[in-house]
Amino acid sequence: MYTVIGTIKSRALRVIWMLEELGLPYEHHPHMPKSEDVLRLNPSGKVPVLIEGDTVLTDSAAILNYLADRHGQFSFPCGTLDRARQDGHTFFVLDELDATLWTAARHSFILPKEKRVEAVKDSLKWEFETSLARLAERLGDGPYLMGETMTVPDILAANCLTWAKMAKFPPAEGAVLDYVKRMTSRPAFQRAITNG
């Protein structure tokens, strides 16, 4: 039994979605970042937190890779060329999509008001739009980033694309829009947003 800490309006949604895809039981505690319950488990105050037995894991991408590797789904085996390509997609999503959205969020409501730079958001939106074109290239003709096989970076990318829509970032179009619709119509995603 896994325990997931964090609201579904955070990156904890990624972990809940993965657990739903895997069909695994879990408990969900929708604690907010930096709450006392979260700070006891993760001194940075960030969510998600995954608890397995006495072990506390943090960082959504690390948790997703752990779950995929442990349960032998949504990932190619470590040490293979396919895994190296998959990891390349993961790092692209984290560097180009997630980091841009996170920086915008920090300058919108996370940093103290006197540290926020409103003007940076225009640059971030331009950067994100450029990254959407790169994402379309990475998708090619396949339904997923790794062709016919859904993997960890697909969950990360789809979550970033839904986050971008809420943050009023440039919208997905064409193949990327079709991709996010396909990903968010999956039954496991629908369960995650309903049960979370």
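Residues numbered from 1 in each chain as written. Predicted model: local features only at pLDDT ≥ 70, side-chain atom pairs only at ≥ 80, totals over all residues. Heavy atoms only, no water.

**Let's talk about the packing of helix α1 (residues 12–22) against helix α8 (residues 187–195)**
The description of two packed helices rests on the angle between their axes and on the distance between the axes. We apply this condition: Between N-to-C directions, angles span 0 to 180 degrees; the directions come from axes that are lines fitted to C-alpha atoms, helices contributing only their stretch in contact. Strands here are runs of E lasting at least two residues and helices are runs of H or I lasting at least four, both read from the DSSP assignment and numbered beginning at the N terminus. In these notes the angle categories are as follows: under 35 degrees is roughly parallel, over 145 is roughly antiparallel, 65 to 115 is roughly perpendicular, and the rest is oblique. Here a crossing is taken to be left-handed if its near helix is turned anticlockwise relative to the far helix by less than a right angle, and right-handed if that turn runs clockwise. What makes two residues a contact is simply this: any of their non-hydrogen atoms within 4.5 Å. Put simply, Ala, Val, Leu, Ile, Met, Phe, Trp, Tyr, Cys and Pro go in the nonpolar bin, Asp, Glu, Lys and Arg in the charged bin, and everything else, Gly too, in the polar bin.
Axis separation between α1 and α8 bottoms out at 8 Å; the angle between their running directions is 130°. By the angle between their axes, α1 is oblique relative to α8. Once α1 is placed against α8, the crossing between them reads as right-handed. Counted together, Leu13, Ile16, Trp17, Glu20 and Glu21 of α1 and Ala188, Phe189, Arg191, Ala192, Ile193 and Asn195 of α8 form the full contact between these two elements. Among the residues making up the contact of α1 with α8, the classes are represented as 7 nonpolar, 1 polar and 3 charged.

**Some details on the pattern of salt bridges**
Side chains carrying opposite charge are able to pair once their charged atoms draw close together. For the record, the criterion: Salt-bridge detection follows one rule: a side-chain nitrogen of Lys or Arg within 4 Å of a carboxyl oxygen of Asp or Glu.
On inspection of all chains with the given rule, the structure shows 11 salt bridges. Across the pair Arg70 and Glu52 runs a salt bridge, and its minimum N-O distance is 2.4 Å. Here the residue Arg70 occupies a position in helix α3 (residues 60–71), and Glu52 occupies one in strand β3 (residues 49–52), the gap between them amounting to 18 residues. The closest approach of N and O atoms between Arg134 and Glu96, which form a salt bridge, is 2.9 Å. In this pair, Arg134 sits in helix α5 (residues 120–139) while Glu96 sits in helix α4 (residues 81–110), placing the two residues 38 residues apart along the sequence. Three or more residues are tied together by salt bridges with common partners; here these are Arg11, Arg14 and Asp98.

**Re the sheet that holds strand β1 (residues 2–5)**
Strand pairing in a sheet is mediated by backbone hydrogen bonds. Such pairs are either parallel or antiparallel. Just so we agree on the cut-off: One requirement defines pairing of two strands: DSSP has to find at least two bridges between them.
The strand order across the open sheet formed by 4 strands is β2-β1-β3-β4, and the pairing between neighbours is mixed. Single-partner strands in this sheet number two, and they are β2 (26–29) and β4 (55–58). Between one strand axis and the next, the sheet turns through 20° on average, direction left out of account. Bridge analysis of β1 against β3 gives 4 bridges, and the strand direction is antiparallel. Paired with Tyr2 across the strands is Glu52, a residue of β3. Lying over the sheet, α3 contacts β1, β3 and β4, oriented at roughly 35° with respect to β3.

**Details of the packing of α4 against helix α6 (residues 152–166)**
Closest axis-to-axis distance for the α4/α6 pair is 9 Å, and the angle between their directions is 20°. What the angle tells us is that α4 and α6 run roughly parallel. For the element pair α4 and α6, the recorded crossing hand is left-handed. Every residue of α6 that contacts α4 at Gln86, His89, Thr90, Val93, Leu94, Leu97, Asp98, Leu101, Trp102 and Ala105 is listed here: Val152, Pro153, Leu156, Ala157, Cys160, Trp163 and Ala164. Considered class by class, the residues forming the contact of α4 with α6 number 13 nonpolar, 3 polar and 1 charged.

**Quick notes on unusual backbone geometry**
Heads up, the condition is: The buried label applies to any residue whose accessible area, calculated with a 1.4 Å probe on protein chains only, is under 20% of its type's maximum; exposed applies above 50%, and partly exposed to all values in between.
Backbone torsion omega between Val47 and Pro48 reads 10°, so that peptide bond is classified as cis. Examined against the element boundaries, Pro48 turns out to sit in the loop between α2 (36–41) and β3. Positioned with a positive phi, Lys34 is a non-glycine residue whose angle comes to about 65°. Along the chain, the position of Lys34 falls in the loop between β2 and α2. The exposure class assigned to Lys34 is exposed, which follows from its relative accessible area of 57%.

**Some details on the environment of Leu101**
Relative to the elements of secondary structure, Leu101 occurs in helix α4. Overall, the relative accessible area of 2% leaves Leu101 in the buried class. Taking the C-alpha atoms as reference points, Leu101 and Arg134, 33 residues apart in sequence, are found 16 Å from one another. When sequence neighbours within four positions are dropped, the list of residues in contact with Leu101 reads Phe128, Cys160, Trp163, Ala164 and Phe169.

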